[in-house]
Amino acid sequence: MEICRQDDALQISDLDPFLAELLRQIPESTNPDGAPAAEARLFSRPSAEKKICAEWKSYVEPELRRLFRSATETVTDDLTQLNGNEKSLSNCILHIPITHADAWLNTLNQARLVIAAKYKFSDEELNDHDRSPIGSRRDLGLFQVNFYGFLQEFILREIPG
Amino acid sequence: MKAQCDNIFFMSAVNAGQLEKGSTSTVEAPIKEKETRGEEELDVPWQVVVHNDPVNLMTYVTMVFQRVFGYPREKAERHMLEVHQKGRSILWSGVREPAEFYVQQLHGYLLLATLEKVG
């Protein structure tokens, strides 16, 4: 896989089917359903004061849900470029307009936080970048967290300011 | 672009502010006093605290501090390192409404941020 900046877009090319599948799984990975810890992490408490939390739930949380959903929709639309024949993936280039960079950063962050909360990764696991090959769904989850983090790092390097 | 977080939060803050202004007009009715913020409460200094999170990238947290508070890179990095090393950092302190607005923005970027009374 190669990733580079080309004019007003980020380009991901030379994709193998495995990494293409991980990219396709980004939107789905943001879903905290069935994992209360993930839901609690995405919508964390803003204060120890009950009154503030109650106001927050009524007025702010719906806006946050709308924001996160909108970002995920942008990423989902971009990822439709990967639909098609798996054999043609090596010639496929994923173009991410630089104007979508914030949506990508947000969605990748949602996905990383939800996966980490679902599997309850420890600090040691999250900092272990030389992990042995993937042998379980949990290992795959940790690989996803690191892969999505790599994409975030690249986007952060390329966005202005 | 579909994700316009700054505008969304700005509108949210504006709406919240209007609601508060509406409710303070009833301050003389005793039954309403418990539902409004007294001047004393509004005058209490509040602080915006960001807590450590092993998932968020250090570079990402630095960028968020620059964007939300307008801090130069060096200052944003100092706060990021304080969060990373000490578990929390006070990013801003002052009156409640802007503090709430900052916490909203930080949650939009998925940072662990809280609003706390000073002292």
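Residues numbered from 1 in each chain as written. Chains lettered and ligands numbered in written order. Predicted model: local features only at pLDDT ≥ 70, side-chain atom pairs only at ≥ 80, totals over all residues.

Broken down by element type, chain B carries five helices and three strands. Every one of the 119 residues in chain B was classed for burial, and the buried ones make up 33%. Of the contacts formed within chain B by residues at least 6 apart in sequence, a portion of 66% connects residues at least 24 apart. (Helix = DSSP H or I, 4+ residues; strand = E, 2+ residues; numbered from the N terminus. Buried ≥ 20, exposed ≤ 12 C-beta atoms within 10 Å, placed from the backbone. Contact = placed C-beta atoms within 7 Å.)

In this complex, chain B contributes 24 residues to the contact, which on the side of chain A involves 32 residues. For the side of chain B that touches chain A, the secondary structure elements donating two or more residues are α1 (5-24), α3 (58-69), α5 (96-108) and β3 (113-117) of chain B.

All names here are of chain A. Contact geometry of helix α5 (residues 101-119) with helix α7 (residues 137-158) gives a least axis separation of 9 Å together with a crossing angle of 155°. By the angle between their directions, the pair α5 and α7 is classed as roughly antiparallel. The way α5 lies across α7 gives a crossing that is left-handed. Along its contact with α5, which presents A101, W104, L105, L108, N109, A111, R112, I115, A116 and Y119, the element α7 presents R138, G141, Q144, V145, Y148, G149, L151, Q152 and I155. For the contact of α5 with α7, a count of residues per class yields 12 nonpolar, five polar and two charged. (Axes fitted to C-alpha atoms, helices over the stretch in contact; angles between N-to-C directions. Parallel < 35°, antiparallel > 145°, perpendicular 65-115°, else oblique. Left-handed = near helix turned anticlockwise from the far one by under 90°. Nonpolar A, V, L, I, M, F, W, Y, C, P; charged D, E, K, R; others polar.)

Right, let's talk about helix α4 (residues 50-79) of chain A for a bit. All names here are of chain A. Along its 30 residues, α4 runs 40 Å from first to last C-alpha, staying within 8% of the 44 Å computed at 1.5 Å per residue. If you look at α4, its biggest bend is around 50°, right at K57. Among the residues of α4, W56, V60, E63, L64, L67, F68, A71, T72, T74, V75 and D78 are the ones counted as buried. (Expected span 1.5 Å × (residues − 1). Bend = angle between axes of the 7 residues up to and from the residue.)

Attention now goes to the sheet that holds strand β2 (residues 9-13) of chain A. Residue and element names in this part refer to chain A. Spatially, three strands are ordered β1-β2-β3 in an open sheet, and the strand pairing comes out antiparallel. Because the sheet does not close on itself, it has two edges, and the strands there are β1 (2-6) and β3 (94-97). Within this sheet the neighbouring strands show an average axis-to-axis angle of 20°, counted without direction. By the bridge criterion, five bridges tie β1 to β2 in an arrangement that is antiparallel. Counted as the bridge partner of I3 is I12 from β2. (Pairing = 2+ DSSP bridges.)

All names here are of chain B. Read from one edge of the open sheet, three strands run β2-β1-β3, paired in antiparallel fashion. Of all the strands in the sheet, just β2 (88-94) and β3 have a single pairing partner and so form its edges. Across the sheet, the axes of successive neighbouring strands diverge by a mean angle of 30°, strand direction being ignored. Where strand β1 (residues 46-51) and β2 come together, six bridges link them in antiparallel fashion. In the strand pairing of β2, Q47 is matched with S93. This element, helix α4 (residues 73-86), spans β1 and β2 of the sheet and lies at about 130° to β2.

What follows deals with unusual backbone geometry. With the exception of glycine, the majority of residues adopt a negative phi angle, and the majority of peptide bonds are in the trans configuration. All names here are of chain A. Positive phi values are uncommon outside glycine, yet D14 reaches one of about 55°. Structurally, D14 can be placed in the loop between β2 and α1 (17-24). Looking at D14, the number of C-beta atoms within 10 Å reads 13, which means it is partly exposed. For K120, which is not glycine, the phi torsion reads 50° and is therefore positive. Residue position: K120 is located in the loop between α5 and α6 (123-127).

This part covers the pairing of β1(A). Where burial is concerned, little of β1(A) is hidden: zero out of the five residues are buried. Between the end of β1(A) and the start of β2(A), which pair antiparallel, lie two residues, with D7(A) showing a positive phi angle near 55°.

All names here are of chain B. Between α3 and α4, whose axes approach to 8 Å, the crossing angle comes to 130°. Taken together, the axes of α3 and α4 lie oblique to each other. Classified by chirality, the crossing of α4 by α3 is right-handed. Packed against α3, whose contacting residues are M58, V61, T62, F65 and Q66, the element α4 presents R73, A76, E77, H79, M80, V83 and H84 at the interface. Here the residues of the contact of α3 with α4 sort into six nonpolar, four polar and two charged.

With that settled, the discussion passes to the confidence of the model for chain A. Confidence in the prediction for chain A averages 92 pLDDT; 94% of positions are at 70 or higher. Least confident of the elements in chain A is α6(A), whose mean pLDDT is 86; most confident is helix α2 (residues 26-29) of chain A, at 98. (pLDDT = per-residue confidence, 0-100.)

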